[in-house]
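# Summary of the model geometry
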Amino acid sequence: MASSDVEKWYQAAVDVAKEAGVIIRDGFYKAKKVEMKGNPRDLVTETDKAVEDMVMATLHKTFPDHKFIGEESVAAGAKCELTDAPTWIIDPVDGTMNFVHSFPYTCISIGLWVDKEARVAVVFNPILDQLYTAKKGEGAYLNGQPIKVSGQKELSKSLVMTELWCRPDEKKMKIAYSNAMKVISQSHGPRCMGSAALNMCQVAQGGADGYYEIGLHAWDVAAGKLIVEEAGGVVTDITGAPIDIMNRRLLCVSSPELGKALTDILEIYEEERD
Ligand code: IPD
Ligand code: CA
Ligand code: CA
Ligand code: CA
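Owing to the predicted nature of the structure, the values given are computational and were not obtained by experimental measurement. (Residues numbered from 1 in each chain as written. Chains lettered and ligands numbered in written order. Predicted model: local features only at pLDDT ≥ 70, side-chain atom pairs only at ≥ 80, totals over all residues. Heavy atoms only, no water.)

### Let's talk about the coordination of the calcium ion (ligand 4)
Using the following cut-off: Sites may look incomplete because water is not among the atoms; the donors themselves are N, O and S atoms within 2.8 Å of the metal, or within 3.2 Å for Na, K and Ca.
Of the protein atoms, only Glu71 (OE), Asp91 (OD) and Val93 (O) coordinate the calcium ion (ligand 4), at distances of 2.2 to 2.3 Å. Sequence positions of the donors to the calcium ion (ligand 4) reduce to the motif E-x19-D-x1-V.

### Considering the coordination of the calcium ion (ligand 3)
Ideal donor angles around a metal are set by the shape: a four-donor tetrahedron calls for 109.5 degrees, a six-donor octahedron for 90 or 180 degrees. The criterion, for reference: Under the DSSP-based scheme used, a helix requires at least four consecutive residues in state H or I and a strand at least two consecutive residues in state E, with every element numbered from the N terminus.
Donor atoms from the polypeptide that bind the calcium ion (ligand 3) are Asp91 (OD), Asp94 (OD) and Asp220 (OD), placed at 2.0 to 2.2 Å. For the calcium ion (ligand 3), the donor residues sit on a single chain with the sequence spacing D-x2-D-x125-D. Taken as an interatomic distance, the gap from the calcium ion (ligand 3) to the calcium ion (ligand 2) is 5.3 Å. You can see Asp94 sitting in strand β4 (residues 87-94) and its partner Asp220 sitting in helix α7 (residues 218-230), a full 126 residues away along the chain.

### Section: the pattern of salt bridges
Inclusion rule: Just to be clear on terms, a salt bridge is a Lys or Arg side-chain nitrogen sitting within 4 Å of an Asp or Glu carboxyl oxygen.
Following the criterion strictly, the structure yields 18 salt bridges and no others. When the shortest N-O distance is used, the salt bridge between Asp26 and Lys30 registers 3.5 Å. Between Lys49 and Glu35 there is a salt bridge, with its nearest N and O atoms 3.1 Å apart. Remark: Glu35 occurs in strand β1 (residues 34-36) and Lys49 occurs in helix α2 (residues 46-62); sequence separation between them is 14 residues.

### A look at the packing of aromatic side chains
This is how the line gets drawn: Stacked, tilted and edge-to-face pairs are distinguished by plane angle, under 30 degrees for stacked and over 60 for edge-to-face with tilted covering the rest, among Phe, Tyr and Trp rings (Trp via its six-membered ring) whose centres lie within 6.5 Å. Partly exposed residues are those whose accessible area sits between 20% and 50% of the maximum for their type, while under 20% is buried and over 50% is exposed, using a 1.4 Å probe and protein chains only. Charge-over-ring placement is defined geometrically: NZ (Lys) or CZ (Arg) within 6 Å of the ring centre, and within 35 degrees of the ring normal.
Applying the stated criterion to the full structure yields three aromatic pairs. The interplanar angle of 90° and the centroid separation of 4.7 Å between the aromatic rings of Phe28 and Tyr29 together place this pair among those described as edge-to-face. Of the residues examined, Phe28 reaches a relative accessible area of 0% and is grouped as buried. Taking the relative accessible area as the measure of exposure, Tyr29 reaches 63% and is therefore exposed. Aromatic pair Phe28 and Phe99: ring centres 6.0 Å apart, planes at 55°, arrangement tilted. Here the residue Phe28 occupies a position in helix α1 (residues 3-28), and Phe99 occupies one in helix α4 (residues 96-100), the gap between them amounting to 71 residues. Judged by its relative accessible area of 0%, Phe99 falls in the buried class. Connected via pairs of aromatic rings, a cluster forms that spans Phe28, Tyr29 and Phe99. Across from the ring centre of Phe99, 5.1 Å away, lies the NZ or CZ of Lys32, which sits over that ring.

### Brief notes about helix α6 (residues 196-204)
In terms of burial, α6 is largely enclosed, as eight of its nine residues are buried. Listed as buried for α6 are Ala196, Ala197, Leu198, Asn199, Met200, Cys201, Val203 and Ala204. Directly after α6, the chain includes Gly206, whose backbone phi takes a positive value near 85°.

### Considering the UniProt feature "binding site: Mg(2+) 2" (unreviewed entry) in the protein chain
Our working definition: UniProt positions are given in the numbering used here, feature names are shortened, and annotations may be inferred rather than shown by experiment. Under the rule applied, a polar contact is a pair of N or O atoms within 3.5 Å (in protein, one hydrogen donor and one hydrogen acceptor; residues adjacent in sequence only if both atoms are side-chain atoms).
The positions that UniProt labels "binding site: Mg(2+) 2" (unreviewed entry) are, in the present scheme, Asp220. A polar side-chain atom of Asp220 sits 2.7 Å from the main-chain amide nitrogen of His217.

### A closer look at helix α5 (residues 170-186)
Put simply, the test is: Each helix should span, by expectation, one fewer than its residue count multiplied by 1.5 Å. Note that the arc is defined by the directions from the helix axis to the C-beta atoms.
Between the first and last C-alpha of α5 there are 24 Å, a value that for 17 residues agrees with the 24 Å anticipated at 1.5 Å per step. Looking only at α5, the buried set comprises Met173, Ile175, Ala176, Asn179, Ala180 and Val183. Along the axis of α5, the buried positions cluster into a sector of 160°, meaning they face one direction only. Looking at α5, the residues exposed on the side facing more than 90 degrees away from the buried face are Glu170, Lys171, Lys174, Met181 and Ser185. Structurally, the start of α5 carries an N-cap: the backbone nitrogen of Lys171 is 3.0 Å from a side-chain oxygen of Asp169.

### A word on the site of ligand 1
What counts here: Being near a molecule or strand, for a residue, means having at least one of its heavy atoms within 4 Å of it. Values of accessible area rely on a 1.4 Å probe in the Shrake-Rupley scheme; residue burial ignores everything except the protein chains shown. Each residue gets one of three labels, nonpolar for Ala, Val, Leu, Ile, Met, Phe, Trp, Tyr, Cys and Pro, charged for Asp, Glu, Lys and Arg, and polar for the others, Gly among them.
Ligand 1 sits among 15 residues. The nearest are Asp94, Gly95, Thr96, Ala196 and Glu213. Within the backbone of Val93, an N or O atom sits 3.2 Å from an oxygen atom of ligand 1. Within the side chain of Asp94, a nitrogen or oxygen atom sits 2.8 Å from an oxygen atom of ligand 1. Notes on ligand 1: free accessible area 380 Å², of which the protein chains cover 86%. A total of three residues in the shell around ligand 1 trace back to one element, the largest contributor, which is β4. Counted by class, the shell around ligand 1 contains four nonpolar, four polar and seven charged residues.

Structure, rendered in structure tokens:
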């Protein structure tokens, strides 16, 4: 891979994320046009759609041979398929529920994968002006400053992020809540903030020690995975096995030891693949 290619991908990702940031910031304090997708808590706004359309059109113009996976395009029927071809994986607004409520923990997430590996990652929260970036093998950064994970090894001293939601499948909800109870009773406590990509960035910058969730999609984790790994963290399936970003299960931690402590107590279930 020529380093000039990587630079071009990286610059394009940062530029388009900043452009997306203008659209997100613009819509943030206004009344939103909200539609329901799957259920009353699965929402999409005109901003989600406008950002995804703009990001895809802009990147397609520069990289006409590249492929794309984007949350709202998949919702509209596009294929969600990761091949060896360069593929931009885009979550136009991660933390849509936060965006709807003007809770300032929301971002755009863009990851470029080549040969099924993340090469370039950008997560941008335009409300708090936090730009997280990574290139494979070159470290992770927040607004240009290097970041690293806490390195915490002990669950009893860890702050662990997860998300708790109300979903139609009660059996799965019970497992998620019972997992959370185990983590709460054995750690410093939980944090549920409403954006998978920013949760991963929080682990990357050492503000939290771990994050796990079942039910995520490729676009939730495609950028965060590289940012956490480049910050010295570990990203796996929730079982501790290598992650398959299509498999909808994530564990990201500040150390292998903390990963083991969590996989030992977390119960798993399967989610349908996209
Ligand atoms: C969601 C957020 C949320 C997580 C959900 C995701 P969206 O993404 O990341 O924190 O719990 O699993 O679907 O819908 O806001 O892009
Ligand atoms: Ca969504
Ligand atoms: Ca998301
Ligand atoms: Ca989204």
